[in-house]
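# Summary of the model geometry
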Amino acid sequence: MSSLAALRALHATIGAALDDIDRVYNGQGLDYPSLDVPYYHHSATTGADPKQVQAEKLISDPAVARASSLIVAACGQLSASVQIPFLTLVEGAHLGHITAALSFLEETNTVEILREAGPQGLHVKDLARRINEVRYGKKAASSVGVAHLDPVKLSHILRLLATNHWLREVQPDVYSNGRLSSLLDSGKTPDQLSAAPTKKYEETNGLAAFASMTTKEIFRSVTYLPEWLLTSTDKAKVKKAETPFNLAYDTGEGYYEWLERPENAVELARVGRAMTAARAISSTHSIAHKAVFPWDALPEKAVVVDVGGGIGSVSMQLAEAYPHLRFVVQDREQTVAIAPKVWGATQKELFDSGRVSFQGQDFFEPQPATLVVPGVGALSQSPAVYVITRVLHNWPDAQCVKIMKNLRAAAGPDTRLLIHEIILLHACVDPSDAEDGAGQDEEVPTSSPLLPNLGKASSGVYQLDLTMMAMMDARERTLAELRALALEAGWRVEKVTRDRLPVTLGYLVAVPV
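What this report covers is the structure whose coordinates are included nearby. (Residues numbered from 1 in each chain as written. Predicted model: local features only at pLDDT ≥ 70, side-chain atom pairs only at ≥ 80, totals over all residues. Heavy atoms only, no water.)

### Structural notes on the overall build of the protein
Each helix and strand counted, the protein has 21 helices and 13 strands in total. Relative to its length of 513 residues, the protein is compact, with a C-alpha radius of gyration of 25 Å against a globular reference of 24 Å. For the protein, the C-alpha atoms occupy an extent of roughly 75 × 65 × 60 Å along the three principal directions. Across the 513 residues that make up the protein, the buried fraction comes to 45%. Within the protein, residue pairs in contact and separated by at least 24 positions form 70% of the contacts whose partners lie at least 6 positions apart. Roughly 25900 Å² of accessible area belongs to the protein as shown, and the carbon and sulfur atoms make up 58% of that amount. Taking the average location of the 49 positive side-chain charges in the protein and that of its 59 negative ones, the two points are 2 Å from each other. (Helix = DSSP H or I, 4+ residues; strand = E, 2+ residues; numbered from the N terminus. Rg over C-alpha atoms; globule rule 2.2 N^0.38 Å. Buried < 20%, exposed > 50% of the residue type's maximum accessible area, 1.4 Å probe, protein only. Contact = heavy atoms within 4.5 Å. Areas by Shrake-Rupley, 256 points an atom, 1.4 Å probe, with all protein chains shown as cover. Lys, Arg positive; Asp, Glu negative; His and termini not counted. Charge placed at Lys NZ, Arg CZ, Asp CG, Glu CD.)

### Quick notes on the pattern of salt bridges
Inspection of the entire model under this criterion finds 27 salt bridges. Its salt-bridge partner being Arg-23, residue Asp-20 comes within 2.2 Å of it at the nearest N-O pair. With Asp-20 and Arg-23 both in helix 1 (residues 3-27), this residue pair falls 3 residues apart, about one helical turn. Residue class for Arg-23 comes out exposed when judged on its relative accessible area of 56%. One salt bridge connects Asp-173 with Arg-159, and the closest N-O pair in it is separated by 2.9 Å. On the criterion of sequence distance, the pair formed by Asp-173 in the loop between strand 2 (167-171) and strand 3 (174-177) and Arg-159 in helix 9 (residues 151-163) is long-range, its members being 14 residues apart. (Salt bridge = Lys/Arg side-chain N within 4 Å of Asp/Glu carboxyl O.)

### Focus: the packing of helix 19 (residues 397-410) against helix 21 (residues 479-488)
Between helix 19 and helix 21, whose axes approach to 8 Å, the crossing angle comes to 50°. Of the possible angle classes, the one that applies to helix 19 and helix 21 is oblique. Crossing handedness for the pair helix 19 and helix 21: right-handed. Across the interface between the two elements, Asp-397, Cys-400, Val-401, Met-404 and Lys-405 from helix 19 touch Leu-485, Ala-486 and Glu-488 from helix 21. Taken together, the residues of the contact of helix 19 with helix 21 sort by class into 5 nonpolar, no polar and 3 charged. (Axes fitted to C-alpha atoms, helices over the stretch in contact; angles between N-to-C directions. Parallel < 35°, antiparallel > 145°, perpendicular 65-115°, else oblique. Left-handed = near helix turned anticlockwise from the far one by under 90°. Nonpolar A, V, L, I, M, F, W, Y, C, P; charged D, E, K, R; others polar.)

### Things to note about the nonpolar core
In terms of nonpolar packing, the biggest core is built from 32 residues, with Ile-388, Met-404, Leu-417, Trp-491 and Leu-508 touching the most fellow members. Elements that contribute at least two residues to this core include exactly strand 4 (303-307), strand 9 (385-389), helix 19, strand 10 (416-424), helix 21, strand 12 (491-498) and strand 13 (505-512). No other element matches the 5 residues that helix 19 contributes to this core. Excluding residues within four positions of it along the chain, Leu-508 makes contact with Leu-417, Leu-418, Ile-419, Ile-423, Leu-479, Leu-482, Val-493, Lys-495 and Val-496. Of all hydrophobic cores here, the second largest spans 25 residues; its members include Val-329, Leu-350, Val-385 and Val-509. (Core = buried A, V, L, I, M, F, W, Y, C linked by side-chain atoms within 4.5 Å.)

### Looking at a nonpolar patch on the surface
Where nonpolar side chains cluster on the molecular surface, the patch consists of Ile-84, Phe-86, Leu-87 and Leu-89 and spans about 430 Å² of accessible area. Here Leu-87 is to be found in helix 4 (residues 85-93). (Patch = residues over 30% accessible without salt bridge, like charges linked within 9 Å, V, L, I, M, F, W, Y side chains within 5 Å.)

### Section: the packing of aromatic side chains
The way to describe two aromatic rings as a pair is by their centre distance and the angle between their planes. The final tally for this structure, using the stated rule, is 13 aromatic pairs. Centre to centre, the rings of Phe-293 and Trp-295 are 4.6 Å apart; their planes meet at 50°, and the pair counts as tilted. Residue classification places Phe-293 among the buried residues on the basis of a relative accessible area of 4%. The structure contains a cluster of three or more aromatic residues connected by ring pairs, namely Phe-245, Tyr-249, Tyr-255, Tyr-256 and Trp-258. (Phe/Tyr/Trp six-rings, centres within 6.5 Å; stacked < 30°, edge-to-face > 60°.)

### So, the sheet that holds strand 2
Judged by pairing direction, the sheet is antiparallel, and its 3 strands sit side by side in the order 1-3-2 without closing on themselves. Edge positions in the sheet fall to strand 1 (122-123) and strand 2, since each has one partner strand and no second. Across 2 bridges, the pairing between strand 1 and strand 3 is antiparallel. Within strand 3, the residue paired with His-123 across the bridge is Val-174. Packing against the sheet, helix 9 makes contact with strand 2 and strand 3, and its axis sits at approximately 115° to strand 2. (Pairing = 2+ DSSP bridges.)

### A closer look at the pairing of strand 9
Of all the 5 residues making up strand 9, 5 are buried; the element is thus mostly covered by neighbouring parts of the structure. Neither face of strand 9 is left uncovered, since the one carrying Val-385, Val-387 and Thr-389 and the one carrying Tyr-386 and Ile-388 both have all their residues buried. Strand direction decides the pairing type here: strand 4 and strand 9, joined by 4 bridges, are parallel. Looking across to strand 9, one finds that Val-307 is bridged to Ile-388.

### Some thoughts on helix 2 (residues 50-57)
Residues Val-53, Ala-55 and Glu-56 constitute the buried set of helix 2. Along helix 2, the residues classed as buried sweep out an arc of 165° about the axis, all on the same side. Helix 2 presents Pro-50, Lys-51 and Lys-57 as exposed residues on the side facing more than 90 degrees away from its buried surface. Residues of helix 2 that are buried make contact with helix 1. For helix 2, the N-terminal cap is Asp-49; the gap from its side-chain oxygen to the backbone nitrogen of Lys-51 is 3.0 Å. (Arc of directions from axis to C-beta. Polar contact = N/O pair within 3.5 Å; in protein donor to acceptor, adjacent residues only side chain to side chain.)

### Thoughts on helix 1
End to end, helix 1 covers 36 Å across 25 residues, agreeing with the expected 36 Å (1.5 Å per residue, within 8%). Positive phi shows up at Gly-29, right after helix 1, with a value of about 65°. (Expected span 1.5 Å × (residues − 1).)

### Thoughts on unusual backbone geometry
Of note in the backbone geometry, His-165 takes a positive phi value of approximately 75° without being a glycine. Along the polypeptide, His-165 turns up in the loop between helix 9 and strand 2. Not every positive phi belongs to a glycine, and Asp-250 is a case in point at roughly 50°. Relative to the assigned elements, Asp-250 resides in the loop between helix 13 (244-249) and helix 14 (255-259).

### As for the environment of Val-111
Within the fold, Val-111 resides in helix 6 (residues 110-117). Separated by 74 residues in sequence, Val-111 and Asp-185 have C-alpha atoms that sit 5.8 Å apart.

This is the structure in structure tokens:
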């Protein structure tokens, strides 16, 4: 295919996908959400325009989601093709500027201030004054000793964001929120943020906390990735840092250990809330679906062990769908000790009946010789299934193998291992992936110039991959990498179920070897 033919094919992909979106929205009598109109998630149930709420919900419709991914992928590839290469280099090398600007936007509570100002926006002089008032209090902000924010510098930061559609410059030096900036709104008033700044992320959807975590610790750590990887030979006698995070923060502690320092209490609470937002990226295939695993075929009171299961969210979902099974949630002692309290009365019946129970267990240690399950007693045989959900991406290869080897040692010949992780696709066609139905997406025709992983549309999971590397010397993995780790630990992957692009969460079912 010639270059011009490829450009026209990408253009045609965009047009066809737009037609698909048009059909869905027109069929509901709705317009597609506008970049210029903020959507405050906290107000979705308290006075927002019902049509706006419905239009936002419709973006998750499968046909719309598919079409949107194709548009983003084709536009990204089209832009990369026609832009002057030097300008692409300039933009790529300066992407950190946008990260820094977003960090500033979130930390200064600009989004909440602009929400209060309304669609007409605020001039940077008034905005700079309000930022100081929220940060220091109205009285302190007017005192001589307080450094006042420069409105000119503020405008230049916000203009970069407006140029990239995060805000709107409605008049020269006058800014208002748009659809993207409204994602960062905590829902609190500027006065509330001024009175209790450490409570900003409490009772929120976690998006502002996620932005803060990503643009601070993660961004700072990622910048040390080259230095961490390329330790020169003349420094061979110097102990290499475990992670780029260790270099960035000059600490020998792991990220979570560092967060548990008393002086980092605010950061620890913020990360906890940020994980709420991260979990919003959910699989289109429910773990309870029989296409993922034949749960209904397991015998009465078969035992499923949820390894590293936290407070048991996955087990709760499965227990409600399959009442004939018993679930044991394993995690650190301090986690499982609070789990029933976190659920309160909502899952009392599951706990009282013994259908879901908790057990303190370090997954780096061998499984207990005898597993005692409420309503079943001491197991005379191995559990039917070990489930391990979004755990392996937190650990380097050696630790992943150790976790799965411990499960293999306790498994019986009929035990199954169900792994739930992101499955990274290559940026080229990999014939071996097709063996398990986890290769090139069926929505990307073989003759299409689009990258098999949808390029720009799926970029987020590859950025998350490097986040895990920078923070924990871990990573997201390709199917081949996951297969190899499982096999080294004594498990053979026999079935793969993968979500549609661009978020390639998947399930791997493995059997003992």
